[in-house]
Amino acid sequence: MKAVGIILAGGNSKRMKELSMKRAIAAMPIAGSYRSIDFALSNMTNSHIKKVGVFTQYNSRSLNEHLNSSKWWDFGRKQGGLFVFTPMITAENSDWYRGTADSIYQNLNFLKSSHEPYVIIASGDGVYKLDYSKVLEYHVAKKADITVVCKEMPAGTDVTRFGLVHTDIDGRITEFEEKPMVATSSLVSCGVYIVRRRQLIEMIEKCAEDDRYDFVTDILIRYKNVKRIYAYKMDGYWSNISSVDSYYKTNMDFLDKEIRDYFFRTYPEVYSKVDDNPPAKYNPGASVRNSLVSSGCIINGEIENSILFKKVYVGNNCVIKNSIVLNDVYIGDNTRIENCIVESRDTIKANMTYIGDPDNIKIVLEQNDRFVM
Amino acid sequence: MIKKEMIAMLLAGGQGSRLGVLTAKVAKPAVAFGGKYRIIDFPLSNCINSGIDTVGVLTQYQPLRLNTHIGIGIPWDLDRNVGGVTVLPPYEKSTNSEWYTGTANAIYQNINYIDVYNPDYVLILSGDHIYKMDYEVMLEFHKANNADLTIAAMPVPIEEASRFGIVITDENSRITEFEEKPANPRSNLASMGIYIFSWPVLKEALMKLSEQPGCDFGKHIIPYCHAKNDRIFAYEYNGYWKDVGTLGSYWEANMELIDIIPVFNLYEE
């Protein structure tokens with residue numbers, strides 16, 4: 001494909017509460033074995049993009065650990081590859097990334113030294129499958145300057161946390177509102193854009209000259225009457241994990257067979273960094289219903305409607321319902337957990353009870369000493 | 001010039017007919033094990049965990065599944081610029097082309113491969129054993145004894161000793177005698193089929209016995225070394241080790257993994 005990829009993965013969201021303390025949003029664990037950036041990276045590789053830059057800033061260590069090799073997404077090639085850009089001090093600049101446009105500006109050489117005619121910009125917090133080459137075809141057919149991937153949300157969804165888009169009959173964007181107070185459209189921006197590379201360089205440079213730093217407000221919204229900005233409507237599942245609620249719901253969606261099969265059983269595949277864990281083990285007291293249990297887990301208790309990430313130990317007579325347990329958690333005997341998200345590497349003592357509310361998911365942080373099993 | 005202290009040669013060419021239909025389409029080392037592994041994962045992982053980054057895998061019988069599993073060695077970090085994993089099937093030569101006719105013959109036909117790496121020691125492994133072992137410790141033992149050949153051996157119950165190749169050692173662990181499946185075993189130390197040879201010693205033996213039909217380590221090479229009074233030592237190993245070459249032992253080794261605390265515990269760090 002004639003495009004270079006950019007993944008904006010620098011962000012942090014206060015609405016992720018304690019979950020964002022030790023990781024970037026793009027490194028949020030999803031569906032037992034994945035991290036949210038895996039979806040954008042897999043889409044890139046499945047769209048035959050060979051060169052991808054990932055821009056990180058907030059807690060970049062968590063992402064760097066996951067991106068320790070480009071092999072896992074098949075970017076380990078002589079030509080192209082996976083490049084991670086954290087803010088750096090140069091002769092001209094010693095600022096952090098002050099916004100999405102600024103992060104691209106500070107790494108403009110990456111775009112200038114590429115030869116691909118187009119750029120795909122994606123965010124690291126979307127969970128979806130999309131063939132970007134279809135978007136590019138649309139982009140070319142519409143003779144667009146910028147194409148924004150959009151998703152029609154079902155009626156009743158609270159869309160005020162998204163960028164909302166209005167289009168004319170042809171699909172050209174006439175109005176773009178970022179996180180409006182009152183929703184006036186159900187078409188939301190997925191944070192995925194296609195721009196011609198030279199066009200993008202020009203806009204980003206102009207933006208920096210005016211001391212503007214944000215891609216959405218300072219480019220998309222400012223240029224909407226000047227440039228031909230089009231909306232590409234994607235079908236299929238799309239979810240964005242910017243809050244605890246949306247994070248919880250996105251994970252729980254994978255308990256739905258249809259959604260799970262869409263991601264994991266239909267072409268193309270989703271790739272991730274693979275750990276060498278032994279298979280999940282269910283001891284005599286275990287009872288597991290409608291749950292995802294990842295490799296390295298040892299289960300002695302009862303699990304229902306839950307997602308267990310890698311290497312979770314569940315003690316005897318435990319009951320875990322409607323919950324997400326992140327990786328490397330030890331749960332002592334007789335403990336009850338409902339409607340919770342248990343933070344990774346937690347050690348939970350025996351005989352504890354943690355009950356959240358379906359509308360207000362509880363985050364469990366328990367950094368106790370762990371005794372050898 | 002390339003120089004590796006020790007390289008491993010992994011014998012993975014056998015049919016494994018005692019595993020019946022399990023090996024009808026795949027070679028024994030590629031048979032699935034323990035829910036997500038293949039048997040060859042264990043010796044390959046042991047190699048990389050012991051600091052050995054050059055492994056030749058000798059294949060012959062039904063290699064397709066084995067080859068795709070090994071690939072370029074990424075899952076074991078054996079994708080290297082120099083060394084790494086190399087699959088070595090039999091190949092045609094200008095004279096005397098033949099299949100691998102025995103375990104030692106397979107090594108003999110790949111002397112060139114080994115010489116490229118100019119090793120001091122060569123580790124010979126089987127592709128049908130389930131165990132975790134640090135070959136580096138075994139190599140230290142080999143060096144400390146100034147040995148020509150070190151054979152890994154483990155104590156087995158004396159009543160089962162007659163199923164194994166038994167080694168008899170003196171007080172310094174030097175092997176004085178071999179007994180192949182003895183009726184009345186005089187020792188309970190069973191050979192595990194894991195050998196460290198000093199390469200010049202092995203090479204000399206392989207050349208010498210090159211005309212030997214079906215040249216085999218147990219039947220020919222080791223007796224030859226023993227006869228010329230080489231320093232042969234037994235390295236005693238006391239961890240978990242299982243030859244899964246029969247349906248019975250294959251079943252047993254798998255089912256042991258579901259014990260509440262398995263003897264062979266893959267979950268501990």
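Because the structure is a prediction, the values reported are computed rather than measured.

1. Quick word on empty space enclosed by the protein
Residue and element names in this part refer to chain B.
Stage number 1. Summed over the entire model, instances satisfying the criterion amount to one cavity of 30 Å³ or more.
Stage number 2. Forming the boundary of the largest cavity are Ala 104, Asn 105, Tyr 108, Leu 206, Leu 209, Ser 210 and Cys 215.
Stage number 3. In terms of residue count, helix α3 (residues 103-108) provides more of the lining of the largest cavity than any other element does, three residues in total.
Stage number 4. Grouping the amino acids of the lining of the largest cavity by side-chain chemistry returns five nonpolar, two polar and no charged.

2. Overview of unusual backbone geometry
Leaving glycine out, the prevailing phi sign among residues is negative, and the prevailing peptide bond configuration is trans.
All names here are of chain A.
Stage number 1. The linkage connecting Tyr 267 with the following residue, Pro 268, adopts the cis geometry, with an omega of -5°.
Stage number 2. Considering the arrangement of structural elements, one finds Pro 268 in the loop between α9 (257-264) and β14 (281-282).
Stage number 3. A positive phi angle, close to 50°, is found at Asn 339, a residue other than glycine.
Stage number 4. By the element assignment, Asn 339 lies in the loop between β24 (336-338) and β25 (340-342).

3. Considerations on the sheet that holds strand β23 (residues 330-331) of chain A
Residues and elements named next belong to chain A.
Stage number 1. Pairing in this open sheet of five strands is parallel, and the strands run β14-β17-β20-β23-β26 from one edge to the other. Two strands in the sheet have a free side with no partner beyond their single neighbour: β14 and β26 (347-348).
Stage number 2. Pairing between strand β20 (residues 313-314) and β23: two bridges, direction parallel. Within the sheet, the bridge partner assigned to Val 314 lies in β23 and is Ile 331.

4. So, helix α6 (residues 199-208) of chain B
All names here are of chain B.
Stage number 1. Buried residues of α6: Trp 199, Val 201, Leu 202, Ala 205 and Leu 206, and no others. Projection of α6 onto a plane perpendicular to its axis shows the buried side chains occupying an angular sector of 160°, all on one side. Set apart from the buried face of α6 by more than 90 degrees, the exposed residues are Pro 200 and Lys 208.
Stage number 2. On the buried face of α6, the contacting elements are α3, α4 (111-117), β6 (121-126), β11 (189-198) and α7 (217-227).

5. A short note on the side chain of Thr147(A)
Residues and elements named next belong to chain A.
Stage number 1. With respect to the secondary-structure elements, Thr 147 resides in strand β8 (residues 146-152).
Stage number 2. Under the relative-accessibility criterion, Thr 147 is labelled buried at 0%.
Stage number 3. Separated by 2.6 Å, the side chains of Thr 147 and His 139 make a polar contact.
Stage number 4. Dropping the residues within four chain positions of it, Thr 147 is found in contact with Val 135, Tyr 138, His 139, Val 192, Tyr 193, Ile 194, Tyr 230 and Tyr 232.

6. Brief notes about helix α8 (residues 244-253) of chain A
Stage number 1. Burial analysis of α8(A) places eight of its ten residues in the buried class, which makes it a mostly covered element.
Stage number 2. By the burial criterion, the buried members of α8(A) are Val244(A), Ser246(A), Tyr247(A), Tyr248(A), Thr250(A), Asn251(A), Met252(A) and Asp253(A).

7. Section: the interface of chain A and chain B
Where interface size is quoted, it is often the accessible area lost as the parts come together.
Stage number 1. At the interface, 16 residues of chain A touch 15 residues of chain B.
Stage number 2. With both sides pooled, the region where chain A packs onto chain B buries about 1,000 Å², and carbon together with sulfur makes up 56% of that total.
Stage number 3. Interface area lost by chain A to chain B is led by Pro278(A), Pro279(A) and Lys281(A), which between them contribute 46%.
Stage number 4. At the boundary of chain A and chain B, one finds one salt bridge.

8. As for the confidence of the model for chain B
Stage number 1. Here chain B shows a mean pLDDT of 94. Residues at 70 or above account for 100%.
Stage number 2. If you check the scores for this complex, the pTM reads 0.90 and the ipTM reads 0.83.

9. A short note on the sheet that holds strand β16 (residues 292-293) of chain A
All names here are of chain A.
Stage number 1. Pairing is parallel in the open sheet, where five strands are placed in the order β16-β19-β22-β25-β28. Strands with a single pairing partner mark the edges of an open sheet, and in this sheet they are β16 and β28 (362-364).
Stage number 2. Alignment of strand β22 (residues 324-325) against β25, held across two bridges, turns out to be parallel. Of the residues in β25, the one forming a bridge with Val 325 is Val 342.

10. As for the environment of Ala27(B)
Residues and elements named next belong to chain B.
Stage number 1. If you trace the backbone, Ala 27 turns up in the loop between β1 (6-11) and β2 (32-33).
Stage number 2. Between the C-alpha atoms of Ala 27 and Gly 127, which are 100 residues apart in sequence, the distance is 9.5 Å.
Stage number 3. Each residue touching Ala 27, except ones within four places of it in the same chain, is listed here: Ala 12, Gly 14, Tyr 61, Gln 62 and Leu 66.

11. Let's talk about the pattern of salt bridges
Stage number 1. For the structure on display, the rule yields 35 salt bridges over all chains.
Stage number 2. A salt bridge links Arg212(A) to Asp218(A); its shortest N-O distance comes to 3.5 Å.
Stage number 3. Under the relative-accessibility criterion, Arg212(A) is labelled partly exposed at 31%.
Stage number 4. What makes Asp218(A) buried here is its relative accessible area of 12%.
Stage number 5. For Lys3(B), the salt bridge identified is with Asp120(B), shortest N-O distance 2.7 Å. Of this pair, Lys3(B) sits in the segment before β1 while Asp120(B) is found in the loop between α4 and β6, placing the two residues 117 residues apart along the sequence.

12. Structural notes on the side chain of Thr335(A)
All names here are of chain A.
Stage number 1. Mapped onto the elements of the fold, Thr 335 is located in the loop between β23 and β24.
Stage number 2. For Thr 335, a relative accessible area of 0% gives the class buried.
Stage number 3. Excluding residues that lie within four positions of it along the chain, Thr 335 makes contacts with Asn 317, Cys 318, Val 319, Ile 348, Lys 349, Ala 350, Asn 351, Met 352 and Tyr 354.

13. Section: the nonpolar core
Stage number 1. Judged by nonpolar contacts, the single largest core of 54 residues is most densely connected at Phe33(B), Val55(B), Leu123(B), Leu125(B), Met133(B), Tyr135(B) and Ile194(B).
Stage number 2. Broken down by element, the residue count for this core peaks at four residues, all from β11(B).
Stage number 3. Aside from chain neighbours lying at most four places away, what touches Phe33(B) is Arg38(B), Ile39(B), Phe42(B), Ile130(B), Val244(B), Tyr250(B), Ala253(B), Asn254(B) and Leu257(B).
Stage number 4. Of all hydrophobic cores here, the second largest spans 41 residues; its members include Val52(A), Tyr128(A), Tyr232(A) and Met234(A).

14. Re the pairing of strand β11 (residues 187-196) of chain A
Residue and element names in this part refer to chain A.
Stage number 1. Most of β11 is tucked away: nine of the ten residues are buried.
Stage number 2. Across four bridges, strand β6 (residues 118-123) lies against β11 in antiparallel orientation. Paired with Val 119 across the strands is Val 195, a residue of β11.
Stage number 3. The sheet contact formed by β8 and β11 spans seven bridges and is antiparallel. Residue Val 149 lies in a different strand from β11, and its bridge partner there is Val 192.

Calculation criteria
- Residues numbered from 1 in each chain as written.
- Chains lettered and ligands numbered in written order.
- Predicted model: local features only at pLDDT ≥ 70, side-chain atom pairs only at ≥ 80, totals over all residues.
- Heavy atoms only, no water.
- 1 Å grid on protein atoms, 1.4 Å probe; cavity = no way out; pocket = protein on both sides within 12 Å on 5 of 7 lines; lining within 4 Å.
- Points joined across faces, edges and corners; volume = space filled by probe spheres on them.
- Helix = DSSP H or I, 4+ residues; strand = E, 2+ residues; numbered from the N terminus.
- Nonpolar A, V, L, I, M, F, W, Y, C, P; charged D, E, K, R; others polar.
- Pairing = 2+ DSSP bridges.
- Buried < 20%, exposed > 50% of the residue type's maximum accessible area, 1.4 Å probe, protein only.
- Arc of directions from axis to C-beta.
- Contact = heavy atoms within 4.5 Å.
- Polar contact = N/O pair within 3.5 Å; in protein donor to acceptor, adjacent residues only side chain to side chain.
- Buried area = accessible area lost by both parts, 1.4 Å probe.
- Salt bridge = Lys/Arg side-chain N within 4 Å of Asp/Glu carboxyl O.
- pLDDT = per-residue confidence, 0-100.
- Core = buried A, V, L, I, M, F, W, Y, C linked by side-chain atoms within 4.5 Å.

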